[in-house]
Amino acid sequence: MTIIAPKATTSRDHRIDFWRGVALVMIFFNHVPGTLWENFTSRNFGFSDAAELFVFLAGFAAAFAYGRPFLAGNRLIASVKAFRRAGVLYLVQMMLTMLAVGLFSWAAMVYGDGGFFQRINLESLLLKPLDTMFGFAVLGHQLGYVNILPMYSALLIMVPALLWLASKSLNLMLGASIALWMAAWTFRLDLPNYPNPGGWFFNPIAWQLIFAVGLYCGLRKASGRPSVPYRPWLFWSALAFLIGSFIVTEYGLWSYITAQQSWLPGFVAAFDKTYATAPRLLHVLALAYVFANAAPTSVFASISKSNPLARLGRHSLPVFALGTMLSLICQVILWERDASFVLDTLLLGACLSLQFALAWWLEWWGDYQKRVSTPKKAVELVRSDEPLPGPGATAGFPPAKSATGAPVAVNAGERPPLAAARTLKQRL
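First, a word on scope: everything that follows refers to the structure included in this document. (Residues numbered from 1 in each chain as written. Predicted model: local features only at pLDDT ≥ 70, side-chain atom pairs only at ≥ 80, totals over all residues. Heavy atoms only, no water.)

In this chain, Tyr-194 is followed by Pro-195 through a cis amide linkage whose omega measures 10 degrees. Relative to the elements of secondary structure, Pro-195 occurs in the loop between helix H8 (170-186) and helix H9 (204-222). A positive phi angle, close to 70 degrees, is found at Asn-121, a residue other than glycine. If you trace the backbone, Asn-121 turns up in the loop between helix H4 (115-119) and helix H5 (123-127). Look at Ala-276: it is not a glycine, yet its phi comes out positive at around 45 degrees. For Ala-276, the position within the fold is in the loop between helix H12 (266-269) and helix H13 (278-292). (Helix = DSSP H or I, 4+ residues; strand = E, 2+ residues; numbered from the N terminus.)

As structure tokens, then:
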């Protein structure tokens, strides 16, 4: 299964943006622990949560953003674009980290409670400040609730290698990704968490498989084929798996099941988020397959561009960054408070409104920029050291006239003040 040059698509699949918007909302709710609305996110109904869905969709989108030009022959340009995006994510991560440090330091002083430092893994900043600052810079030390972007940045750095394998064979790319995922679990491969022991909570060496599966599906879609062909038996099997995972999660049966099946390998029996073990991986894939093959009459089968959640997903990075900071502010406001339907609803509703407003403004601004950038008739500019073509005339302007309407004589090489100002304004 080889892809040489994916076909250009003429329309954007707004379903991808819609589900990315759904993931952003659930991530925001999950990042404000202790609220009632946290109980309605996907992690309460199955093995995976919004993070797995977001990474899968990121891989799917990468097929169009980087895969299409890469496989069409523009490998260097596509690789540079992926690295540039990784650099943007790094800068956003640094901004969020510093804002989080400032917010929780302020909260600790105001509340007089050092527990704020324990909430988001800030203790080492007090105990080993220099080591921790270095850890921030190299992404080794990551704060709680501010640790998704480093993994995503690392995945983007892997994109050229994945696309090079895909240029040989999609199956080869997927097979290599599975092998790396299994090696990560078997040999406990992870990036170091400096200055503390251990590794990254979102281990990119393992999570790359979720990204690669999304990339695989996206490349098939970009080449004009179905992401995964519809098979009735596969659809109903995926649906049955989702129902079974809901029952297991709802009644806490996972430990009982694995105790009865002690012969299963660790990456199948474990429920580990860091290494993206099989139960979490299969759940997000089953979820994507079922909703991707929704009935034509379903509301999920056709999503318009104006859908608010689709608009949210189209601007995922700024919305995610704003949502992260708002979630940390909510944690400070709700510190040691019991869950309250009224307070939780008002606070989270206000924060969600700000995120939707940001997405709407970015959409409006993008449309405005397109309108004002429409090519207009070029105006020839004259260098300031060129002589004027004639008495009282300037290039591009009629001869200057006096109040009585008579032409004003101007020596060669000079301009009337008004004409000179106009020329300067054009240059600016």
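Glancing now at the layout of surface pockets. Within this model, the largest pocket holds a volume of roughly 1000 Å³. Of all the elements in the fold, those that place two or more residues in the lining of the largest pocket are helix H1 (14-30), helix H2 (50-71), H9, helix H10 (232-251) and H13. Considering every element that reaches the lining of the largest pocket, the biggest residue donor is H13, with nine residues. Each pocket or cavity is described by its volume, and for the second largest pocket that value is around 730 Å³. Taken together, 32 residues make up the lining of the second largest pocket; nearest its centre are Arg-12, Asp-17, Arg-20, Ala-61 and Ala-65. Contributions of two or more residues to the lining of the second largest pocket are made by H1, H2, helix H3 (75-111), helix H7 (149-168), helix H14 (308-314) and helix H15 (316-333). For the lining of the second largest pocket, the leading source of residues is H2, giving nine residues. (1 Å grid on protein atoms, 1.4 Å probe; cavity = no way out; pocket = protein on both sides within 12 Å on 5 of 7 lines; lining within 4 Å. Points joined across faces, edges and corners; volume = space filled by probe spheres on them.)

Residues Phe-40, Phe-45, Ile-243, Phe-246, Ile-247, Tyr-251, Leu-253, Tyr-256 and Ile-257 make up a contiguous nonpolar surface patch of about 910 Å² in total accessible area. Tallying contributions element by element places H10 first for the nonpolar patch, with four residues. We classify Leu-253 as partly exposed; its relative accessible area is 31%. (Patch = residues over 30% accessible without salt bridge, like charges linked within 9 Å, V, L, I, M, F, W, Y side chains within 5 Å. Areas by Shrake-Rupley, 256 points an atom, 1.4 Å probe, with all protein chains shown as cover. Salt bridge = Lys/Arg side-chain N within 4 Å of Asp/Glu carboxyl O. Buried < 20%, exposed > 50% of the residue type's maximum accessible area, 1.4 Å probe, protein only.)

The subject of this paragraph is the packing of aromatic side chains. For any pair of aromatic rings, the description rests on two quantities: the centre-to-centre distance and the angle between the ring planes. If you walk through the whole model with that rule in mind, you get 30 aromatic pairs. Geometrically, the ring pair formed by Trp-361 and Trp-365 is stacked, given 5.8 Å between the ring centres and 5 degrees between the ring planes. In this pair, Trp-361 and Trp-365 both sit in helix H16 (residues 341-372), four residues apart, roughly one turn of the helix. The exposure class of Trp-361 is partly exposed, given its relative accessible area of 41%. We classify Trp-365 as partly exposed; its relative accessible area is 35%. By the ring-pair criterion, three or more aromatic residues cluster together here, those being Phe-28, Phe-29, Trp-37, Phe-40 and Phe-341. When the ring centre of Trp-185 is taken as origin, the NZ or CZ atom of Arg-188, which lies over that ring, is 4.5 Å away. The positively charged end of Arg-188 is found above the aromatic ring belonging to Tyr-275, 4.2 Å away from the centroid. (Phe/Tyr/Trp six-rings, centres within 6.5 Å; stacked < 30°, edge-to-face > 60°. Lys NZ or Arg CZ within 6 Å of the ring centre and 35° of its normal.)

Attention shifts here to the packing of H8 against H9. As a packed pair, H8 and H9 sit with axes 8 Å apart at the nearest point and diverge in direction by 165 degrees. Here H8 is positioned roughly antiparallel relative to H9, judged by the angle of their axes. Note on packing geometry: the crossing formed by H8 with H9 is left-handed. Residues Leu-170, Asn-171, Met-173, Leu-174, Ser-177, Ile-178, Leu-180, Trp-181 and Ala-184 of H8 touch H9, and the partners they reach there are Ile-205, Ala-206, Gln-208, Leu-209, Ala-212, Val-213, Leu-215, Tyr-216, Leu-219 and Arg-220. (Axes fitted to C-alpha atoms, helices over the stretch in contact; angles between N-to-C directions. Parallel < 35°, antiparallel > 145°, perpendicular 65-115°, else oblique. Left-handed = near helix turned anticlockwise from the far one by under 90°. Contact = heavy atoms within 4.5 Å.)

Right, let's talk about the pattern of salt bridges for a bit. Side-chain pairs of opposite charge can arise whenever the charged atoms involved come near each other. As enumerated under the stated definition, the model contains seven salt bridges in all. In this structure, the salt-bridge partner of Glu-38 is Arg-43, at a minimum N-O distance of 2.1 Å. By relative accessible area, which is 12% here, Glu-38 ends up buried. Between Lys-273 and Asp-49 there is a salt bridge whose closest N-O contact spans 2.5 Å. Pair noted here: Lys-273 is in the loop between H12 and H13 and Asp-49 is in the loop between H1 and H2, with a separation of 224 residues, a long-range link. Taken together, the shared-partner salt bridges connect Asp-49, Glu-52, Lys-273 and Arg-280 into one network.

Time to look at empty space enclosed by the protein. A probe matching the size of a water molecule, rolled over the atoms, marks out where space remains unfilled. Summed over the entire model, instances satisfying the criterion amount to one cavity of 30 Å³ or more. Size it by volume and the largest cavity reaches roughly 50 Å³. Lining the largest cavity are Leu-24, Ile-27, Phe-28, His-31, Val-319, Phe-320, Gly-323, Thr-324 and Gln-355. Elements with a minimum of two residues in the lining of the largest cavity: H1 and H15. When residues of the lining of the largest cavity are assigned to their parent elements, the largest contribution, four residues, is made by H15. Of the residues in the lining of the largest cavity, the class split is five nonpolar, four polar and no charged. (Nonpolar A, V, L, I, M, F, W, Y, C, P; charged D, E, K, R; others polar.)

Keep in mind that these numbers describe shape and distance, not what the molecule does.
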